[in-house]
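Residue strings, one per chain:
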Amino acid sequence: MPRYSKENRVLSLLIVGLLAWLVPGAGHLMLKEKKRAIIIFAAVVLTFCIGLYIGSIGVIDLFGTSAIYVKVAQFMNPPVAVALGYCTDGGAYPVYGWPNEIGQVYTMTSGLLNLLCIVNAVYLAYLCRTEMAGC
Amino acid sequence: MSMIAAFVMASFTVPEKIGAEPQSMLWLLPLAAAIAVVYKATKLPKITAGNFLKETAILFCSIVVIYTIAALVLFALAWLVIE
């Protein structure tokens, strides 16, 4: 069984976490959890897209006047959310009322679900590296 | 740009028309389904189609029941305050 140095372990955990943030499910795919990766990718992306469909891309408000918890939760989405945040900066796509609220709830939830998957992927990677699990 | 691509992009730049109606609460159901699917995908030790669907359905129903109870409690509180 190969032993990993502490630096290598930390680096691999960082890579898994970064991959999981960049593409939902990619962290699990790296750990050879293909089924989990596909399910996570489909669910997170679909939730995010439903939010954008309901409220338009204007619900992504990373640099606007939204509450801080909205921004933090939306930032947990893949980087495409940050790119959309730049596009919608300055109120180019105004959205109000229920579509705004429901769209924000969906995009925030997809971000928080992605965060859950990032933490889970890093934890699984930690278990694998410390040889506590049968990976 | 093809017509289909333009139509898809337009769908994401204009918000849907959703009013403050009881039917709007149905938008909670896809959200509950997404939460149940992702949570069970991270928690189940081994994923098989039957087991995954069963566990997800149980969690989905639990979330909907909790939603309903919370809505009823809030409705009762609002009724008490108004009356």
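Predicted, not measured: the structure shown is a model, and the values here were computed from it.

A. Quick look at the overall build of chain B. Check the secondary structure of chain B and you find three helices and zero strands. When the helices and strands of chain B are read in sequence order from the N terminus, they spell out α-α-α. A globule of 83 residues ought to have a C-alpha radius of gyration of about 12 Å, yet chain B, at 19 Å, is considerably larger. Its C-alpha atoms put chain B at 60 × 40 × 15 Å along the principal axes. Each of the 83 residues in chain B was classed as buried or not, and the buried ones make up 12%.

B. Spotlight on the interface of chain B and chain A. The interface of chain B with chain A comprises 20 residues on the first partner and 27 residues on the second. Here the side of chain B that touches chain A is built from residues that sort into 14 nonpolar, five polar and one charged.

C. Region of the structure containing unusual backbone geometry. Residue and element names in this part refer to chain A. Of note in this structure, K32 is not a glycine but carries a positive phi near 65 degrees. Structurally, K32 can be placed in the loop between α2 (26-30) and α3 (34-55). With a phi close to 70 degrees, S56 is a non-glycine residue in the positive phi region. Here S56 lies in the loop between α3 and α4 (68-75).

D. How the structure looks around the nonpolar core. By size, the foremost hydrophobic cluster in this structure holds 31 residues, and its most contacted members are I40, A43, C117 and A121 of chain A together with V38 of chain B. Elements with a contribution of two residues or more to this core: α1 (6-22), α3, α5 (80-88) and α6 (97-129) of chain A together with α2 (28-43) of chain B. Among all residues touching C117 of chain A, those that are not within four sequence positions of it are A20, P24, G25, G27, I40 and V44 of chain A together with V38 and T42 of chain B.

Basis of the calculations
- Residues numbered from 1 in each chain as written.
- Chains lettered and ligands numbered in written order.
- Predicted model: local features only at pLDDT ≥ 70, side-chain atom pairs only at ≥ 80, totals over all residues.
- Helix = DSSP H or I, 4+ residues; strand = E, 2+ residues; numbered from the N terminus.
- Rg over C-alpha atoms; globule rule 2.2 N^0.38 Å.
- Buried ≥ 20, exposed ≤ 12 C-beta atoms within 10 Å, placed from the backbone.
- Contact = placed C-beta atoms within 7 Å.
- Nonpolar A, V, L, I, M, F, W, Y, C, P; charged D, E, K, R; others polar.
- Core = buried A, V, L, I, M, F, W, Y, C linked by C-beta atoms within 7 Å.

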